[in-house]
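Fold and contact review
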Amino acid sequence: MSGLLDGRVLVVTGASSGIGEATALAASAQGAAVALLARRTDRVIALAERIVAGGGRALPLTADVRKPDSLREAAERVADELGRADCLVNNAGQMLLSAFSDGKADEWRQMVEINLLGAMSATDAFLPALRAGGGDIVNISSVAGRKARPTSSVYSATKWALGGWSEALRQELIDDRVRVTLVEPGAVRTELSDHISDETIRQRSRQSYDDYDALQAEDIAAGVLYAVSQPSRVSVNELLIRPTLQAY
Ligand code: NDP
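To start, this report covers the structure provided alongside it. This one's a predicted model, so the numbers in the text were calculated from it and none came from an experiment.

1. Regarding the overall build of the protein chain
Looking only at helices and strands, the protein chain features seven helices and seven strands. Reading the protein chain from its N end, one meets helices and strands in the order β-α-β-α-β-α-β-α-β-α-β-α-α-β. Relative to a compact globule of 248 residues, whose C-alpha radius of gyration would be 18 Å, the protein chain shows 17 Å and is just as compact. Expressed as a percentage of contacts within the protein chain between residues at least 6 apart in sequence, the contacts between residues at least 24 apart total 72%. Total accessible area computed for the protein chain in this model is approximately 11500 Å², and 50% of it derives from carbon and sulfur atoms. Distance between charge centroids for the protein chain: 3 Å, based on 27 positive and 32 negative side chains.

In structure tokens form, the structure reads like this:
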């Protein structure tokens, strides 16, 4: 059976849960070989085993996007074992919502290092491979990269910055035929809210999933696949995907 992504190699950061896991599964179902990067090695190994058991090709890799060396090592393993990389999904992220005036500087730093610098470091590590044959970079931003709220100040700042960087990168890589897509999900039911340290904000965030009848991770994976499976003349620059019931 032929798939939309036959012959392609898709690298996903944050593949151990949520949107990253769903994207890897969806891409594999369409014929791509997938490299699964995350810190939780047990989770990416289990996912790879699941994909291989279903007839797909998957390479689990331990990588922390805050550690450029781990990303360079991952890029070498992908080149050695999968032969190439022609699509990078910069998905790893954390949403540590808090009131800015609570001064949670460690959490601000984590979000900047993972959501923004992490995407840049992963892109740096895989760019030579992506340039070699033309490919795709998909940056998973958020509605919070367009709409700010009091408790999302630093999270929004990281996602807003991701949008600016993505657009400049899209222009810079045109001659290399590397496409850059920004995906901006609204509320998606994943583990993302579980890490919020403020109990009240964590509960409110979880409640919003019910209020909005939140998206499933598979809904965002479908958006990613739509973008990267277009003919080479088509560049899907931006996808904003909200639950139907989410107004802002
Ligand atoms: P999850 O918490 O399920 O997934 C986050 C992923 O990021 C995990 O696989 C985690 O893996 C990985 N990750 C976190 N820190 C690092 C790190 N330092 N190095 C490598 N990987 C890391 O949440 P989602 O699937 O929802 O989040 C995925 C992306 O989607 C994020 O960028 C998020 O901002 C964005 N998003 C999500 C929305 C939602 O409502 N869920 C809405 C809008 C955007 P591990 O811990 O194993 O390293």
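2. Structural notes on the environment of Glu-81
Within the secondary structure layout, Glu-81 lies in helix 3 (residues 68-82). Separated by 35 residues in the primary sequence, Glu-81 and Ala-46 place their C-alpha atoms 18 Å from one another. Excluding residues within four positions of it along the chain, Glu-81 makes contact with Arg-57 and Leu-59. A distance of 2.6 Å separates the side chain of Glu-81 from the side chain of Arg-77, its partner in a polar contact.

3. Thoughts on unusual backbone geometry
Despite not being glycine, Arg-177 has its phi angle at roughly 60°, a positive value. Considering the arrangement of structural elements, one finds Arg-177 in the loop between helix 5 (153-172) and strand 6 (178-185). On the basis of relative accessibility, which here comes to 60%, the residue Arg-177 falls in the exposed class.

4. Considering the packing of aromatic side chains
One pass over the structure, following the stated rule, counts one aromatic pair. For the ring pair Phe-100 and Trp-108, a centre distance of 4.5 Å and an interplane angle of 10° mean the geometry is stacked.

5. Considering the packing of helix 1 (residues 18-29) against helix 2 (residues 41-53)
Axis angle and axis distance: for two packed helices, these are the angle between their axes and the distance between the axes, and together they describe the pair. Interaxial distance between helix 1 and helix 2 falls to 11 Å at its minimum, and their mutual angle equals 20°. Viewed along their axes, helix 1 and helix 2 adopt a mutual orientation that is roughly parallel. Handedness of the helix 1/helix 2 crossing: right-handed. When helix 1 is examined against helix 2, the residues Glu-21, Ala-24, Leu-25 and Ser-28 are found in contact with a partner set consisting of Leu-47, Arg-50 and Ile-51. For the contact of helix 1 with helix 2, a count of residues per class yields four nonpolar, one polar and two charged.

6. Description of the sheet that holds strand 4 (residues 87-90)
Pairing in this open sheet of seven strands is parallel, and the strands run 3-2-1-4-5-6-7 from one edge to the other. Each edge of the sheet is formed by a strand with only one pairing partner; in this case those strands are strand 3 (58-62) and strand 7 (238-241). Within this sheet the neighbouring strands show an average axis-to-axis angle of 15°, counted without direction. Sheet topology places strand 6 next to strand 7; four bridges connect them, and they run parallel. When the bridges of strand 7 are listed, Leu-182 appears paired with Glu-238. Along the sheet face, helix 4 (residues 105-133) touches strand 1 (9-13), strand 2 (33-38), strand 4, strand 5 (135-140) and strand 6 and points at about 165° away from the line of strand 4.

Criteria and thresholds
- Residues numbered from 1 in each chain as written.
- Predicted model: local features only at pLDDT ≥ 70, side-chain atom pairs only at ≥ 80, totals over all residues.
- Heavy atoms only, no water.
- Helix = DSSP H or I, 4+ residues; strand = E, 2+ residues; numbered from the N terminus.
- Rg over C-alpha atoms; globule rule 2.2 N^0.38 Å.
- Contact = heavy atoms within 4.5 Å.
- Areas by Shrake-Rupley, 256 points an atom, 1.4 Å probe, with all protein chains shown as cover.
- Lys, Arg positive; Asp, Glu negative; His and termini not counted.
- Charge placed at Lys NZ, Arg CZ, Asp CG, Glu CD.
- Polar contact = N/O pair within 3.5 Å; in protein donor to acceptor, adjacent residues only side chain to side chain.
- Buried < 20%, exposed > 50% of the residue type's maximum accessible area, 1.4 Å probe, protein only.
- Phe/Tyr/Trp six-rings, centres within 6.5 Å; stacked < 30°, edge-to-face > 60°.
- Axes fitted to C-alpha atoms, helices over the stretch in contact; angles between N-to-C directions.
- Parallel < 35°, antiparallel > 145°, perpendicular 65-115°, else oblique.
- Left-handed = near helix turned anticlockwise from the far one by under 90°.
- Nonpolar A, V, L, I, M, F, W, Y, C, P; charged D, E, K, R; others polar.
- Pairing = 2+ DSSP bridges.

Purely spatial values, then, with no claim about function.
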